Amino acid sequence: MKKICIFCGKPIHMLDYGYMDLSDEKAICASCLSRFSTGISRDAKTADYHHQLYHNIKTSEDYTKLPREDRYLLDERLGNNDDGFTQLLSTTDCLTGYEMTGYLGVISAEYTLGTGFLSSFDSSLADLAGGESETYTKKVHMAKMQALKRLQVVSAHLGGDGVIGIHVDLEVFSRDIIVASCYGTCVTLKKISD
């Protein structure tokens, strides 16, 4: 399946290298990554590199021209949604301080996480000792958070401002795979003035 660079529109093929994946259909091509990487030390740790790359992209004129859902994909991949663009999430049917202006339908998202051999070993030890498996607890939390992030991306793609009535379900398959599924109603919102 071909991906498209969100900045230059260039098609990216499976055999291409040096690009950054954003979703099933979207990525940043190697030449655009190179352009945004100017001034970043080649010795930077991965987290530092991503932080500096994110800063370079967000302060560029190209970022402001991106559609909302592409900005959100970038924020999800590299940043922490600190640009004021936030998808609000709630398990209730309302959001305090906001008026719902439209319902865009029920949406869902899933995240499947393999726990790996060490997690299984750790949980076996915790089971023998009668304690909590911290490794599994972290993996379950990670699966839930990633599923909720994907729900935000789906909402943004539909033009929503948030999701209400969220339900999260977890399933474990063969002790090594955790599936987090979440669903809710995508809505458009207007902030209520004080």
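1. What to know about the sheet that holds strand β5 (residues 88-89)
The pairing of strands in a sheet comes from backbone hydrogen bonds and takes either a parallel or an antiparallel form. Sheet architecture is open: four strands sit in the order β5-β7-β8-β6, paired in mixed fashion. The open sheet terminates on both sides in strands that have one partner only, identified here as β5 and β6 (98-114). Here β5 runs beside strand β7 (residues 162-173); their pairing, made up of two bridges, is parallel. Paired with leucine 88 across the two strands is glycine 162, which belongs to β7.

2. Focus: the pairing of β7
Examined bridge by bridge, β7 and strand β8 (residues 177-191) share 10 bridges and lie antiparallel to one another. Across the sheet, the residue bridging to valine 172 is isoleucine 178, located in β8.

3. Looking at the environment of histidine 55
Relative to the assigned elements, histidine 55 resides in helix α2 (residues 46-58). The exposure class of histidine 55 is partly exposed, given its relative accessible area of 47%. For the pair histidine 55 and leucine 78, spaced 23 residues apart in the sequence, the C-alpha separation amounts to 9.3 Å.

4. Notes on the side chain of threonine 188
When you line up the elements, threonine 188 lands in strand β8. Here the side chain of threonine 188 touches threonine 101 through a polar contact of 2.8 Å, side chain to side chain.

5. A closer look at the packing of helix α4 (residues 68-78) against helix α6 (residues 134-158)
The N-to-C vectors of α4 and α6 enclose an angle of 165°; their axes lie 9 Å apart at closest approach. Relative to α6, the element α4 is oriented roughly antiparallel. The hand of the α4/α6 crossing is right-handed. Contacts between α4 and α6 involve Glu69, Tyr72, Leu73 and Glu76 on the former and, on the latter, Lys149, Arg150, Gln152, Val153, Ala156 and His157.

6. Description of the packing of aromatic side chains
Aromatic ring pairs are described here by two measures, namely the spacing of the ring centres and the angle between the planes. Enumeration according to the criterion identifies one aromatic pair in this entry. Seen in terms of ring centroids, phenylalanine 7 and phenylalanine 36 are 4.8 Å apart; in terms of plane orientation they differ by 55°. Their pairing is tilted. Of this pair, phenylalanine 7 sits in the loop between β1 (3-5) and β2 (11-12) while phenylalanine 36 sits in helix α1 (residues 30-36), and the two are 29 residues apart along the sequence. By relative accessible area, phenylalanine 36 is classed as buried at 5%. The ring of phenylalanine 36 has arginine 35 sitting right over it, with the charged end atom 4.6 Å from the ring centre.

7. Remarks on the nonpolar core
Residues Ile6, Phe7, Ile28, Leu53, Ile57, Leu74 and Leu78 are the most contacted members of the largest nonpolar core, which totals 24 residues. Here the element with the most residues in this core is α4; it accounts for four residues. Contact partners of phenylalanine 7, with chain neighbours within four places excluded, come to Ile28, Cys32, Arg35, Phe36, Ile57, Asp62, Tyr63, Leu66 and Leu74. Ile107, Leu151, Ile178 and Ala180 belong to the second-largest nonpolar core, a separate cluster that totals 15 residues.

Reading guide: rules and limits
- Residues numbered from 1 in each chain as written.
- Predicted model: local features only at pLDDT ≥ 70, side-chain atom pairs only at ≥ 80, totals over all residues.
- Heavy atoms only, no water.
- Pairing = 2+ DSSP bridges.
- Helix = DSSP H or I, 4+ residues; strand = E, 2+ residues; numbered from the N terminus.
- Buried < 20%, exposed > 50% of the residue type's maximum accessible area, 1.4 Å probe, protein only.
- Polar contact = N/O pair within 3.5 Å; in protein donor to acceptor, adjacent residues only side chain to side chain.
- Axes fitted to C-alpha atoms, helices over the stretch in contact; angles between N-to-C directions.
- Parallel < 35°, antiparallel > 145°, perpendicular 65-115°, else oblique.
- Left-handed = near helix turned anticlockwise from the far one by under 90°.
- Contact = heavy atoms within 4.5 Å.
- Phe/Tyr/Trp six-rings, centres within 6.5 Å; stacked < 30°, edge-to-face > 60°.
- Lys NZ or Arg CZ within 6 Å of the ring centre and 35° of its normal.
- Core = buried A, V, L, I, M, F, W, Y, C linked by side-chain atoms within 4.5 Å.

Geometry only, nothing functional implied.
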